[in-house]
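Survey of secondary and tertiary structure
Residue-level listing of the chains:
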Amino acid sequence: MSKSKLFEEVDFGPIRLSNRIVMAPLTRSRATSDGVPKAMHVEYYRQRASAGLIISEATNISVEGRGYAWTPGIYSDEQVAAWKKVTDAVHAEGGRIFLQLWHVGRISHPDLQPNGAAPVSASAVKPSGKAFTEEGFKDHETPRALEEAELPRVTEDYVKATKNARAAGFDGVEVHSANGYLLDQFLRDGTNLRTDRYGGSIENRMRFPLEVLDAVIATWDKEHVGIRISPVTVMGGSSESDQQRLFNAYVEEIAKRQPIYLHVIEGQTGGDRGKDGFDYDALRQRFDGLYMGNNNYDLDLAVKQLDAGEVDLVCFGKPFISNPDLVARLQLGAPLNAWDQATFYGGDEKGLTDYPALTPEERARYAA
Ligand code: PHB
């Protein structure tokens, strides 16, 4: 039975989390074609409510922000009503849940856009790879660069989504500024070739993401808003000539706004934790709120990093897919169920809600 402070309560702005283990945002692509969560989403999140905090799967703030088939949204009344059932179920189990605000920018496809339009981005730079549409994978196409005059409209979509998340009973929202999606496209000089106030210098490239963060915080408040970054992750061929300088500066600006947490994907998202020489400590030193570490943590690494003061909260991703009672299993030293990659995306309850929790007898046995 592990006694680490990983399993102890922690202050989290106006609320307390029952432990420092966070369920990472995990795309599962099982909502309706209109982005409405189903009954199986209620059960899936309810089963995982013993996490100190759940971050919802990435959720589209608008139709324009959508890049993957069957991902949920938070822009329609129907979506809000469906999410309310999820948050009620999580709260009934004593859990907490944030909604992740997502705009994929160029990582989309005309098939997923209103009227078959081109996806939007900071600049007209085509991503590598393929989009996941309802008809299967299709090559990405060249996006349309957002005009400066349109940016307030996109910010307003974040604001509406934040209001909707609040109305749906979420405990807060996470601004997704990672993984090569819209805000990351503005940050990086490989995807932002703009010559207006939103491109060029680091200060200019940070402008739009920070305007979004400011607007989201102004809509709710800083204690209900977190932000996610992935300094070295390359997705869709995004690139940046000086990641350390960019992210040091970005975190300094984020820190001034005092969001409740900084969620950092250390290394390549879903992959190697990175021997890339990036100094994550430099970010930690610039941010005095809660630092949430993510990427390939196991119990040993979580305890080690927490004890060393390197992190305050630890995200687990794939282990939460296959272990609804992950917190208890980690604490008891019980074995973990293996995950089935084939059922990560799309489909039905199989691979979503049918992974077993420990029985009371098994729990007692591991506790002994
Ligand atoms: C994905 O669906 O593969 C995905 C979604 C959001 C992320 C990363 C990956 O931040």
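Residues numbered from 1 in each chain as written. Predicted model: local features only at pLDDT ≥ 70, side-chain atom pairs only at ≥ 80, totals over all residues. Heavy atoms only, no water.

1. Here's the deal with the overall build of the protein
Formally: To qualify as a helix, a DSSP run of H or I must reach at least 4 residues; to qualify as a strand, a run of E must reach at least 2; elements of each kind are numbered from the N terminus. When accessible area is computed with a 1.4 Å probe and restricted to protein chains, residues below 20% of their type maximum are described as buried, those above 50% as exposed, and intermediate ones as partly exposed. Values of accessible area rely on a 1.4 Å probe in the Shrake-Rupley scheme; residue burial ignores everything except the protein chains shown. A positive count includes Lys and Arg, and a negative count includes Asp and Glu. His and the chain ends are not counted in either. The atom standing in for a charge is NZ when the residue is Lys, CZ when it is Arg, CG when it is Asp and CD when it is Glu.
Across its full length, the protein carries eleven helices and 14 strands. In terms of overall dimensions, the protein has a C-alpha envelope of 65 × 45 × 35 Å along the principal axes. Classification of the 368 residues of the protein by burial places 59% in the buried group. Taken as a whole, the protein presents about 14200 Å² of accessible surface, with 49% of it coming from carbon and sulfur. Of the charged side chains in the protein, 42 are positive and 53 negative, and the gap between their average positions amounts to 1 Å.

2. Quick look at the sheet that holds strand β4 (residues 53-60)
Across a sheet, paired strands are connected by hydrogen bonds in the backbone, their directions being either parallel or antiparallel. The cut-off we apply is this: A pair of strands is treated as paired once DSSP finds two or more bridges between them. Between the N-to-C directions of two axes lies an angle of 0 to 180 degrees, each axis being a line fitted to C-alpha atoms and, for a helix, fitted only over the stretch in contact. Note on contacts: a residue pair is in contact if any heavy atoms of the two residues lie within 4.5 Å.
Taking strand neighbours around the barrel as the criterion, the eight strands line up as β3-β4-β5-β10-β11-β12-β13-β14 in a closed arrangement whose pairing is parallel. Strand-to-strand twist of the sheet, defined as the mean angle between neighbouring strand axes without regard to direction, takes the value 25°. Its contacts with the sheet put helix α2 (residues 77-92) on β4 and β5 (97-102), and the angle it makes with β5 is roughly 150°.

3. A look at unusual backbone geometry
One non-glycine residue, Trp-70, lies in the positive phi region at around 65°. Following the sequence through the fold, Trp-70 ends up in the loop between β4 and α2. At Asn-295, a residue that is not glycine, the phi angle is positive and equals roughly 120°. With respect to the secondary-structure elements, Asn-295 resides in the loop between β13 (290-294) and α8 (299-307).

4. What to know about the pattern of salt bridges
The test is simple: The rule for a salt bridge is simple: a side-chain nitrogen of Lys or Arg has to be within 4 Å of a carboxyl oxygen of Asp or Glu.
Within this structure, the stated rule accounts for 26 salt bridges. Measuring nitrogen to oxygen at the nearest pair gives 3.1 Å for the salt bridge that ties Asp-171 to Arg-96. Of this pair, Asp-171 sits in the loop between α3 (151-167) and β10 (172-176) while Arg-96 sits in the loop between α2 and β5; the two residues are 75 residues apart in sequence, bridging distant segments of the chain. The salt bridge involving Lys-160 is made with Asp-157; its shortest N-O contact spans 3.9 Å. One end of the pair is Lys-160 and the other is Asp-157, both in helix α3 and three residues apart, which spans about a single turn. Look at Lys-160 and you get partly exposed, because its relative accessible area is 47%.

5. A short note on the layout of surface pockets
As a reminder of what qualifies: Cavities and pockets were defined on a 1 Å grid built over protein atoms only: a cavity is a set of grid points that admits a 1.4 Å probe from which the probe cannot escape, a pocket is an open set flanked by protein on both sides within 12 Å along at least five of seven lines, and lining residues are those with an atom within 4 Å of any such point. Grid points are joined across faces, edges and corners, and a volume is the space filled by probe spheres set on the points. All residues other than Ala, Val, Leu, Ile, Met, Phe, Trp, Tyr, Cys, Pro, Asp, Glu, Lys and Arg, Gly among them, are scored as polar; the first ten of these are nonpolar and the last four charged.
Looking at the largest pocket, its volume works out to about 910 Å³. Taken together, 36 residues make up the lining of the largest pocket; nearest its centre are Pro-25, Leu-26, Thr-269, Gly-270 and Tyr-345. When residues of the lining of the largest pocket are traced back to their parent elements, those giving at least two are β5, β7 (130-133), β14 (313-316) and α9 (318-322). Per-class residue counts for the lining of the largest pocket are 19 nonpolar, 13 polar and four charged.

6. A few points about α8
Restricting attention to buried positions, one finds in α8 the residues Leu-301, Ala-302, Val-303, Gln-305 and Leu-306. The elements touched by buried residues of α8 are β14.

7. Some remarks on the packing of aromatic side chains
Test applied: Only the six-membered ring of Trp is used, alongside the rings of Phe and Tyr, when aromatic pairs are assigned; centres must lie within 6.5 Å, and planes under 30 degrees apart are stacked while those over 60 apart are edge-to-face, with the rest tilted. Each ring is checked for a lysine NZ or an arginine CZ that lies within 6 Å of its centre and within 35 degrees of its normal; such an atom marks a charge sitting over the ring.
One pass over the structure, following the stated rule, counts 15 aromatic pairs. Measuring from ring centre to ring centre gives 5.3 Å for Tyr-68 and Trp-102, while their planes differ by 20°; the resulting arrangement is stacked. On the criterion of sequence distance, the pair formed by Tyr-68 in the loop between β4 and α2 and Trp-102 in strand β5 is long-range, its members being 34 residues apart. Centroid distance Trp-70 to Phe-132: 6.0 Å. Interplanar angle 70°. Geometry classified as edge-to-face. With Trp-70 in the loop between β4 and α2 and Phe-132 in strand β7, this residue pair connects regions lying 62 residues apart in the sequence. The exposure class of Phe-132 is buried, given its relative accessible area of 15%. Among the aromatic residues, ring-to-ring pairing joins Tyr-44, Tyr-45, Trp-83 and Phe-170 into one connected group. Taking the ring centre of Tyr-297 as reference, the NZ or CZ of Arg-273 above it sits at 4.5 Å. Just above the ring of Tyr-366 sits the side chain of Arg-365; from NZ or CZ to the centre is 5.5 Å.

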